[in-house]
Amino acid sequence: MTLRIPVGATAGTDPYEVLIGRRLLGELPGLIGEQARRVAVIHPEALAETGEALRADLADQGYEAIAVQVPNAEEAKTAEVAAYCWKALGQSGFTRTDVIVGVGGGATTDLAGFVAASWLRGVRWVAVPTTVLAMVDAAVGGKTGINTAEGKNLVGAFHPPAGVLCDLAALESLPVHDYVSGLAEIIKAGFIADPVILDLIEADPAAARTPAGPHTAELIERSIRVKAEVVSEDLKESGRREILNYGHTLGHAIEKNERYEWRHGAAVAVGMLYAAELGRLAGRLDDATADRHRTVLEAVGLPLTYRYDQWPKLVENMKVDKKSRGDTLRFIVLDGLARPTVLEGPDPAVMLGAYGEVAD
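Definitions and limits used
- Residues numbered from 1 in each chain as written.
- Predicted model: local features only at pLDDT ≥ 70, side-chain atom pairs only at ≥ 80, totals over all residues.
- Heavy atoms only, no water.
- UniProt positions renumbered as here; feature names shortened; annotations may be inferred.
- Helix = DSSP H or I, 4+ residues; strand = E, 2+ residues; numbered from the N terminus.
- Buried < 20%, exposed > 50% of the residue type's maximum accessible area, 1.4 Å probe, protein only.
- Contact = heavy atoms within 4.5 Å.
- Domains from an automatic or database assignment.
- Buried area = accessible area lost by both parts, 1.4 Å probe.
- Salt bridge = Lys/Arg side-chain N within 4 Å of Asp/Glu carboxyl O.
- Polar contact = N/O pair within 3.5 Å; in protein donor to acceptor, adjacent residues only side chain to side chain.

(A) Representation of the UniProt feature "domain: 3-dehydroquinate synthase N-terminal" (unreviewed entry) in the protein chain within the structure. The residues that UniProt annotates with the feature "domain: 3-dehydroquinate synthase N-terminal" (unreviewed entry) are residues 68-178. Between the first and last C-alpha atoms of residues 68-178 the distance is 23 Å; the span itself is 32% helix and 31% strand.

(B) Just the UniProt feature "binding site: Zn(2+)" (unreviewed entry) in the protein chain, in detail. The feature "binding site: Zn(2+)" (unreviewed entry), as annotated in UniProt, sits at E185, H248 and H264 in this numbering. Across 80 residues in sequence, these annotated residues keep their C-alpha atoms within 10.0 Å of one another, forming a single compact spot. Looking at where E185 falls in the secondary structure, it is placed in helix α6 (residues 176-192). For E185, a relative accessible area of 2% translates into the label buried. Each residue touching E185, except ones within four places of it in the same chain, is listed here: L133, V136, D137, H248, H264 and V268. Mapped onto the elements, H264 comes out in helix α11 (residues 264-281).

(C) Molecular detail of the domain arrangement of the protein chain. Split by domain assignment, the protein chain resolves into domain 1 (1-169) and domain 2 (174-355). Inter-centroid distance (C-alpha atoms) of domain 1 to domain 2 is 25 Å. Counting from both sides, the interface comprises 34 residues of domain 1 and, opposite them, 29 residues of domain 2. Together, the buried faces of domain 1 and domain 2 total about 2,800 Å²; carbon and sulfur atoms form 69% of this surface. Contact with domain 2 buries area across many residues of domain 1, yet V132, V136 and K152 alone supply 22% of it, more than any other trio. Inspection of the domain 1/domain 2 interface yields 3 salt bridges. A salt bridge links K188 to D137; its shortest N-O distance comes to 4.0 Å. For the pair domain 1 and domain 2, the interface holds 9 residue pairs in polar contact (both at pLDDT 80 or more).

Spelled out as structure tokens, the structure:
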């Protein structure tokens, strides 16, 4: 059975659907649309066979299809790789009615969406996420972007896809560390909006670590519904959408400090635990909910600590976070379970004290 989750329209954008199920590629021609003649399949090196098979299938259906291979993971999210994609589109004669399909993890869908947003000031694109992280976070919501030496996702655009195809079969071959990394974004959705997610994971943490678990589809569905509801209300992060950055302020700083060699979910897990401790020390979050962060994250095998001596570098990294305003740091914290809010300009001593709880 295919589940369809609508993502509502906002000013200047069309509504679209996130499809969850199996054997969903038959839906792709409908999302590409009747006007397109050319389709570019952007895929990472690790999915070369998948990308070529999809290109060949689209060619058999009458499209002028090309496959554009990019580096794996965060190495794809650079201006140089984006320029390589633009060159491929130009050489193929891509027009405003042609379509990009991004197949892969969150880095690939971020890149493909940004290339689509910037080519001819915006062409249609479809996301085909193949990881937990991409399904529940990166491919949903219309945020696209690349990294720079100064920070993560600092260059980008809001450019929603025409649709998102979450084929659960793709998760069966995902390495366990990549699968578990994606759980961080699912757990985030539980803490900021849907505590049933936490209940399901706590009931059987070992089952949550594998796509064969009994609640896999429900966990992914609930997480996507959280994001779809938030971004339908606030596409461009002018208000409520900021809550989706829970754990990301420190998480992005860790990623940059590690030259993006840490998995995104691993960094966000440490960032969430830090946000919980920051909320607790700021007098916003109760002890039980703060402590629950540690138990849930630890139960599925996500990291809980980062190096203590890196704090000065992390502070500098956080100053260029997208949520900062001038010299003022802003964090998403909780006033209670499923009650996210903004903590603006916390006392540096409180920030350091909170970091002491996650430092090794």
